[in-house]
Amino acid sequence: MTLNRRHFLSLLPVAAVQPRVFSSSDARLLQQPTAASFPALRQQVAGRPLAYLDSAATTLRPQAVIDALADFYATDNANPAPVHTLARRAASRLTAARQTVARFINAPSPNEIIFTRGSTEGINLIASTWGAANLRPGDEVILTIAEHNSNLLPWTRAAKQAGATVRVVDLDEEGRLRIDQLKQMTSAKTRLIAFSHVSNVLGLVNPAKEICALARQAGARVVIDGAQSVPHVSVDVQDIGCDFYVFSGHKMLGPMATGVVWGRLDLLDAMPAYHVGSNMAHDVDFEHAAIEHGAQKFQAGTPDVAGPVGLAAAIDFLTAMGKDATWRHDQELVRHGLARLREVKGLRIIGPVSAPNRVPVFTFVIDGKSPVVIANALDARGIAIRAGDMAALPLLKRFGVSAAARVSAYVYSTTHDIDRLVQALADIA
Ligand SMILES: Cc1ncc(COP(=O)(O)O)c(C=O)c1O
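This report concerns the structure included in the present document. (Residues numbered from 1 in each chain as written. Predicted model: local features only at pLDDT ≥ 70, side-chain atom pairs only at ≥ 80, totals over all residues. Heavy atoms only, no water.)

### Notes on the pattern of salt bridges
Thought 1: Per the stated rule, a full pass over the model turns up 17 salt bridges.
Thought 2: Between Asp54 and Arg386 there is a salt bridge; the shortest N-O distance is 2.7 Å. Linking Asp54 in the loop between β3 (51–52) and α4 (63–76) with Arg386 in strand β16 (residues 386–388), this pair joins segments that are 332 residues apart in sequence.
Thought 3: Owing to a relative accessible area of 38%, Arg386 belongs among the partly exposed residues under this scheme.
Thought 4: In this structure, the salt-bridge partner of Arg335 is Glu332, at a minimum N-O distance of 3.6 Å. Of the two residues, Arg335 and Glu332 are both situated in helix α13 (residues 323–341); the distance of three residues between them amounts to about one turn of the helix.
Thought 5: Using a relative accessible area of 46% as the deciding quantity, one classes Arg335 as partly exposed.
Thought 6: By relative accessible area, Glu332 is classed as buried at 11%.
Thought 7: In the salt-bridge network here, residues are joined through shared partners; they are Asp71, Asp76, Arg89 and Arg93. (Salt bridge = Lys/Arg side-chain N within 4 Å of Asp/Glu carboxyl O. Helix = DSSP H or I, 4+ residues; strand = E, 2+ residues; numbered from the N terminus. Buried < 20%, exposed > 50% of the residue type's maximum accessible area, 1.4 Å probe, protein only.)

What follows is the structure in structure tokens.
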């Protein structure tokens, strides 16, 4: 079965009927026609309807998220505190957003949800706090060759500062993680395993639960970079058994520069604060400060309230669509994308070319064509994709290239977008 945009978008208005915690604009949303769910798709680029296939970099936002942001600024705009009506409303919006995120990933407590500017800030937070307090000379930190710069540089720096060693797990020829090698590498010296649940280049879902079980046996901690998984895969942090899980709100319909760190409460309480200042301590004087507990300890200064409110609206939207429906849609796009891209002469996909356990992210090179030239030529046809080193140069080098093009689809993408892409690639190639 081939999905077209109208068919898939027919699932979307369900999102508007999902109860939203703060929803003065719900009635208006309900009246909106389906096609208005993602207003950015109403525009033309280069005289053609936009085919947005750059969702792994950042997704489009549905009207529900844009409205949630506008609604916060139009009504409850205040610095959260129990002191006046607007400040109280802002505080309860932030609390509700934290609860929504906690439910979404099955975190035991909302006080384990730290809001950040994205996965990069989240991983830096863990590396500079937990890493600084726990890594010692002689320890080993295990990464994979598929890591994004944002899950590579914070750990190579933290390891260097601590005198610890970084070890790197390889992939097989299809891009699957060498679990056999990881098993051999893991020992009593392993202090941490940090890996992406889904690589931004390969699109493959890594066996997170199995890796966490391995780490537990060795007494090591696990940090999972969920930037590319949470948008697609149902994540239950308790079932996975990790210690920290990090993701970006803006890659799952939420506002730009939003993200989350989930950390186990006992670890959050034991590690030092990231930033210090207002809102993360009380009874402060020059000799002493009583540091807050759990996530609150990591939220110094005036918080971003609109960002989490918008992220919660995005989660409501995705929840109303249903994880099963989005996964089925993803799988349709994966099958269609793999089948159709194979038709382009000289195109080589980097990563698995079979469908199971994969999200619709396709990284490729075309013989004799620069990825940037390809991206520009597609842009001239109204098709948005990414090109470059994907912030994962070791991985690209592993597959013999230093740059590639990447197509990434999401809930608003259709097989028709992929057909347009393949037609354009055929013209370019
Ligand atoms: C796998 C992965 N990790 C981390 C990041 C960094 O996320 P952010 O830019 O939201 O900080 C990205 C961004 O593309 C990513 O794909």
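### Concerning helix α7 (residues 153–162)
Thought 1: Within the span of α7, buried status applies to Pro154, Trp155, Ala158, Ala159 and Ala162. Buried residues of α7, seen end-on, are gathered within an arc of 125° and therefore sit on one face of the element. Across from the buried face of α7, at angles greater than 90 degrees, the exposed residues are Leu153, Lys160 and Gln161.
Thought 2: Where α7 is buried, its residues touch α6 (119–134), β5 (140–144), β6 (165–169), β7 (190–196) and β8 (221–225). (Arc of directions from axis to C-beta. Contact = heavy atoms within 4.5 Å.)

### Notes on the packing of aromatic side chains
Thought 1: Scanning the entire structure with this criterion turns up six aromatic pairs.
Thought 2: Their ring planes at 65° and their centres at 4.9 Å tell us that Phe38 and Tyr412 sit as a pair that is edge-to-face. Of this pair, Phe38 sits in the loop between α3 (26–31) and β1 (44–45) while Tyr412 sits in the loop between β17 (404–408) and α16 (415–428), and the two are 374 residues apart along the sequence. Of the two residues, Phe38 and Tyr412, neither departs from the other in class, the shared state being buried.
Thought 3: Ring geometry for Tyr410 against Tyr412: centres 6.0 Å apart, planes inclined by 85°, an arrangement best described as edge-to-face.
Thought 4: Of the residues examined, Tyr410 reaches a relative accessible area of 1% and is grouped as buried.
Thought 5: Classification of Tyr412 by relative accessible area gives buried; the value is 1%. (Phe/Tyr/Trp six-rings, centres within 6.5 Å; stacked < 30°, edge-to-face > 60°.)

### A closer look at the pairing of β17
The side chains of a regular strand alternate, residue by residue, between the two faces of the sheet.
Thought 1: Extensive coverage of β17 is indicated by the burial of five of its five residues.
Thought 2: Here β17 shows two buried faces, one formed by Ala404, Arg406 and Ser408 and the other by Ala405 and Val407.
Thought 3: Looking at chain direction, strand β14 (residues 361–366) and β17 are connected through four bridges and run antiparallel. By the bridge assignment, Phe362 is partnered in β17 with Val407.
Thought 4: Here β16 pairs with β17 via three bridges, running antiparallel. Directly across from Ala387, in β17, lies its bridge partner Ala405. (Pairing = 2+ DSSP bridges.)

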